[in-house]
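# Summary of structural features
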Amino acid sequence: MANYHKPESKTILELKDIAIKLRIHSINATQASKSGHPTSCSSMAEIMSVLFFHTMRYKVSAPRDPSSDRFILSKGHAAPILYAAWAEAGLFPASELLNLRKIDSDLEGHPTPRLNFVDVGTGSLGQGLSVSAGMAYVGKNFDKANYRVYCLIGDGEAAEGSVWEALHFASYYKLDNLCAIFDINRLGQSEPTSLQHNMEVYRKRLEAFGFNALVVDGHDVEELAKAFHEAQNTKGRPTAILAKTFKGKYFPNIEDQENWHGKPLGNKANEVIQHLTGMLKNPGPLGLHPQKPLVNDAPAVDLSNIKLASPPNYKLGEQVATRLAYGTALAKLAKNNPRVVALDGDTKNSTYAEKIKTVDPTRFIEGFIAEQNVVGVAIGAACRDRTVAFVSAFATFFTRAFDQIRMGAISQTNVNFVGSHCGVSIGEDGPSQMGLEDIAMFRTIPGSTVFYPSDAVSAERAIELAANTKGICFVRTSRPATAVIYENEEPFAIGKGKVVKSSPKDQVLVVGAGVTLYEALKAADELSKVGVNVRVIDPFTIKPLDAQLIVKNAKEVGGRIVTVEDHYAEGGLGEAVLSAVALERNVVVKKLAVTEVPRSGPPNVLLDKYGISASKIVAAVQEILKL
């Protein structure tokens, strides 16, 4: 093997001692918290020792230095040993480990970025490798830097399909700066894993997915050091280290035994600690290796104040789909900032994400039909403020990746999601393709911003605002072309809606968005013929909703509101409006929305059939006027 030098015997003994100390820390921490996973920590102790004290390059003084190696603990329940490794590295006193899981401690039960050495929240299993692949993709293709990405995966979570999506992605893009480490300790939470210690099956599967697959004794520090060296020197494909380990390794009468998952050792703790202490060759302070110097080659990145390269350029009345305007805006942002990137799952010619390729083909990342992995990769790509990532798909397909999205919020990510083909207005493709739950889903995400632009001008501005907004953003775009109703110079802001039709004699306020805004305007025209004046509001953002604007205008029209949305009744625009007026006296709301699983058919027929067309709005206005 190229340039491999077997570690000195002193180094090997020291790494063994560190692994024992990490086990002891994990036991003490979980004893103090009376909860946690000490046996899951023990199976990976040697892996952590070799990684943190022999292999990885990082700065203790700056854990998120852009040039440092990345480590993602996908099996997040083993958090105590991650915390122990950083304590042993000198980031904070080991005594802090006894605050594990306390309400005022950031050493939570599973890792979150409240800690400065954690990039993403983990613990919902099967997601770490996707995030790691995103980091590695950025390192290889955008940063073009030397840092490597290490992801430790539990064998139980290897049953998750998202892991295999990530393996395919990493292999396809030849991410040789990525090393996946499988901690194959045989035991799951409630029973043994499906493959247990069938290492040959693991090896064949990883090789079939295009990885350099290395089977090692996960408790042999020398074997691990050698495997990590081979991973560093393997070019053209990622490496998977398949470590055969034992849960509760070196815990007498507990090692490799069932029914110890997620349990502190209780009255067995002192006996186990005494046994482990007796294994230490040097029970005193360890003379840790000096940190390996970083290659400071990750370029400086500026993600601030990202603007459209040119303002919207449309004519009033021009028919343009907001999904097309998204592609136009994306290309404009990419032209102005080299770190704007787009990801899609083989729908780029429908979402129009492919328009970024006209500016720079390298900044489009095709994730293929694997939405969970695409979302995870985007979260990884956005880590450490390396890129501004836009992920597009049919809006309904994001429901498949809801867990990844909610974990993105826990991870404090700034990823932007753009969902097209929303609602029954997509027409003949039918209910499987219709995003009818997406607003509700993204509204539930803590800290999220939900945009619902109605024309091309507002769509471009929504994309520009999303690029500069912290937290998860969702922009809902429509398939049908809609008329441009705003001047190109019209200003837009998060949480600020627009009154698009009004008169002093208005009797009802109608709130619509996207295609239903136009149905509302048609209804208003029809009603004006019979002497009923209707005010129409375009909310622009559903979260935060412009509650002040809605309340003010509702009161001016006598407290009567009709909401209309191309979305299911639960959790969408109507319920956002209801929440906004909940404490207002003498305000009534009639909500029009899709109330059943729709059918295929022409868009206009579907809008009418499911109660959200102009004629249904007319009827709703007439009905609310009788109250």
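Description of the structure in this document. These numbers were taken from a predicted model, which means no experiment stands behind them.

Turning our eyes to something else, we now look at the nonpolar core. Residues Phe 182, Phe 398 and Phe 417 are the most contacted members of the largest nonpolar core, which totals 85 residues. Of all the elements, helix H5 (residues 128-143) adds the most residues to this core, at 8 residues. Apart from residues lying up to four places away in sequence, Phe 417 is in contact with Val 375, Val 391, Phe 398, Ile 405, Phe 442, Ile 472, Cys 473, Phe 474 and Val 475. Grouped together as the second largest cluster of nonpolar side chains are 50 residues, Ile 12, Ile 18, Ile 47 and Leu 73 included.

Turning our attention to the sheet that holds strand E10 (residues 416-420). Spatially, 7 strands are ordered E8-E7-E9-E10-E12-E11-E17 in an open sheet, and the strand pairing comes out mixed. Of all the strands in the sheet, the pair left with one neighbour each is strand E8 (364-366) and strand E17 (541-543). The average angle at which neighbouring strand axes cross in this sheet is 20°, direction not considered. Bridge count between strand E11 (residues 449-451) and E17: 2 bridges; the pairing is antiparallel. Within the sheet, the bridge partner assigned to Phe 451 lies in E17 and is Thr 541.

What follows deals with the pairing of strand E7 (residues 340-344). The element E7 is largely enclosed, with a buried count of 5 among its 5 residues. Side chains Val 340, Ala 342 and Asp 344 of E7 all project onto a buried face; the interleaved residues Val 341 and Leu 343 project onto the opposite face, where all are buried too. Bridge analysis of E7 against strand E9 (residues 388-394) gives 5 bridges, and the strand direction is parallel. Within E9, the residue paired with Val 341 across the bridge is Ala 389. Two strands pair when backbone bridges link them, and E7 and E8 are joined in this way by 3 bridges, in the parallel orientation. Bridging from a neighbouring strand, Asp 344 pairs with Glu 366 of E8.

The next point concerns the packing of helix H12 (residues 371-382) against helix H13 (residues 402-410). Relative orientation of the contacting elements H12 and H13 amounts to 15°, with a least axis distance of 8 Å. Judged by the inter-axis angle, H12 sits roughly parallel to H13. The element H12 and its partner H13 pack so that their crossing is right-handed. Judged by residue contacts, Gln 372, Val 375 and Ile 379 of H12 engage Gln 404, Ile 405 and Gly 408 from H13.

Cut-offs used in this document
- Residues numbered from 1 in each chain as written.
- Predicted model: local features only at pLDDT ≥ 70, side-chain atom pairs only at ≥ 80, totals over all residues.
- Heavy atoms only, no water.
- Core = buried A, V, L, I, M, F, W, Y, C linked by side-chain atoms within 4.5 Å.
- Buried < 20%, exposed > 50% of the residue type's maximum accessible area, 1.4 Å probe, protein only.
- Helix = DSSP H or I, 4+ residues; strand = E, 2+ residues; numbered from the N terminus.
- Contact = heavy atoms within 4.5 Å.
- Pairing = 2+ DSSP bridges.
- Axes fitted to C-alpha atoms, helices over the stretch in contact; angles between N-to-C directions.
- Parallel < 35°, antiparallel > 145°, perpendicular 65-115°, else oblique.
- Left-handed = near helix turned anticlockwise from the far one by under 90°.

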